[in-house]
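For reference, the chains in residue letters:
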Amino acid sequence: MQIESLKVFRDLVETSSFSKAARSNSITQSAVSQQVRGWEERFGLPLIDRSGKQFALTREGVLFYQTAKKMIDDFDAFQHGLAEMRNVVAGPIRVSAVYSVGLHELPPYLSAFLRAYPSVNVHVEYRRANQVYEDVAEGASDLGLVAFPVTRKGLRVESFRQDRLVLICSARHRLAGQKEIPIASVAKEKFIGFEPDIPTRKALDKIFKENGVEVNPVMEYDNVETVKRAVEVDAGVAIVPLASVEQELKRQTLRTVEFKEEKLYRPLGILYKGGRILSPAVRRFLDALKEEPPSF
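Fair warning: this is a prediction, and the values are worked out from it, not measured in the lab.

Asks: Looking at this model, I keep getting lost on the nonpolar core. Mind explaining?
Replies: One finds Ile-93, Leu-143, Leu-145, Phe-160, Phe-285 and Leu-289 to be the most contacted residues of the largest nonpolar core, which totals 34 residues. Residue assignment for this core shows that the elements contributing at least two residues are β1 (91-97), α5 (99-116), β2 (120-126), α6 (129-137), β3 (143-147), β4 (155-170), β10 (264-273) and α10 (280-289). The leading source of residues in this core is α10, at six residues. Ignoring sequence-local partners within four residues, the contact set of Ile-93 consists of Phe-113, Val-120, Asn-121, Val-122, His-123, Asp-142, Ala-281, Val-282 and Phe-285. In terms of nonpolar packing, the next biggest core, distinct from the first, is built from 18 residues, Leu-165, Phe-191, Leu-204 and Phe-208 among them.

Right, here's the structure in full:
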């Protein structure tokens, strides 16, 4: 179908990458190249400027991209309009989420949404924060869920919810019986943290600096599940989202301790690509995520 080939060209231009355009459209890089050459042969002129090292379009290529993008948007609007007229909410939704949000914050929303719209298929990928931004920007995901969201060119950000952060320790740790401690006390403990590029780690570093606290990091991981396992075996303490330790608290393998100074929170955000027409299913799911969390 010609519209699919137009989408390939649009994605190629917006990502400046044959491999990323191929991934977004579930085809090979060779197929992307063949489709571009097909359009160039049809028009009898080059669309891509191949004289330099950087990806660039010719003047004709720019015009073709602008036209292709409008045609795709119009076709998507037509399809979504038909679905709305028929009151049909169906089809796939692709979500990329950081581990803690995807595993512990998203499930109740997802369960309630799928009960309301059983014809929708939601596929969730658990990714690092930088990969979530890339997935949404490249069109590989319809929505992204991250902590401490930042605005990036071409992306829209909506507020999801505020997430509590708490200090956790093993049930055998000397702090396990404490209700609250000064934040400065963390400096005396072996600290299990997130890797330096994780947004929650950056935010915690800022909080420690503001309070004049120097922590003693003994381990660093890229996801909350591994951090929790290390704390459970009493390798140290950590600061994690409260929602991520609900099961461990029930099993009493972990304990939480409050800080005397203040409660810590982290903002969660929803990402989607600006300028794209969202399907009825994606728009309904986006609206559901902005509502109060469902209770069971």
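Asks: Looking at this model, I keep getting lost on the packing of aromatic side chains. Mind explaining?
Replies: In this description, a pair of aromatic rings is defined by centroid distance and the angle of the planes. One pass over the structure, following the stated rule, counts 10 aromatic pairs. Ring centres of Phe-9 and Phe-64 lie 4.9 Å apart, and the angle between their planes is 55°; on these two criteria the pair is classed as tilted. One end of the pair, Phe-9, is in helix α1 (residues 2-15); the other, Phe-64, is in helix α4 (residues 59-85), with 55 residues separating them in the sequence. Note on accessibility: Phe-9 and Phe-64 belong to one class, buried. On the basis of an interplanar angle of 45° and a centroid distance of 4.9 Å, the ring pair of Phe-113 and Tyr-117 is categorised as tilted. Using a relative accessible area of 4% as the deciding quantity, one classes Phe-113 as buried.

Asks: What's the story with unusual backbone geometry in this structure? I'm lost.
Replies: In this model, Ser-26 sits at a positive phi of 55°, which is unusual for a non-glycine residue. Here Ser-26 lies in the loop between α2 (18-24) and α3 (29-43). A positive phi angle, near 65°, is found at Asp-234, a position not held by glycine. Overall, Asp-234 belongs to the partly exposed group, its relative accessible area being 31%.

The rules we used
For every chain, the first residue of the written sequence is number 1, and numbering continues from 1 along that sequence. Restriction of local features to residues with pLDDT of at least 70 applies here, the model being predicted, together with a cutoff of 80 or more for giving and counting side-chain atom pairs; totals for whole chains, interfaces and linings are based on all residues. Excluding hydrogens and water, the side-chain values take into account all heavy atoms of the structure. Note on terminology: a nonpolar core comprises buried Ala, Val, Leu, Ile, Met, Phe, Trp, Tyr and Cys residues joined through side-chain atoms within 4.5 Å. Burial classification: accessible surface area is computed with a 1.4 Å probe over protein chains only, and a residue below 20% of its type maximum counts as buried, one above 50% as exposed, and the rest as partly exposed. Every helix listed is a DSSP run of H or I at least four residues long, and every strand listed is a run of E at least two residues long, numbered separately from the N terminus. Only heavy atoms matter for contacts: two residues are in contact if any of them lie within 4.5 Å across the pair. Stacked, edge-to-face and tilted are the three classes for Phe, Tyr and Trp ring pairs, Trp counted by its six-membered ring, which pair at centre distances within 6.5 Å; planes under 30 degrees apart are stacked, over 60 edge-to-face, the rest tilted.

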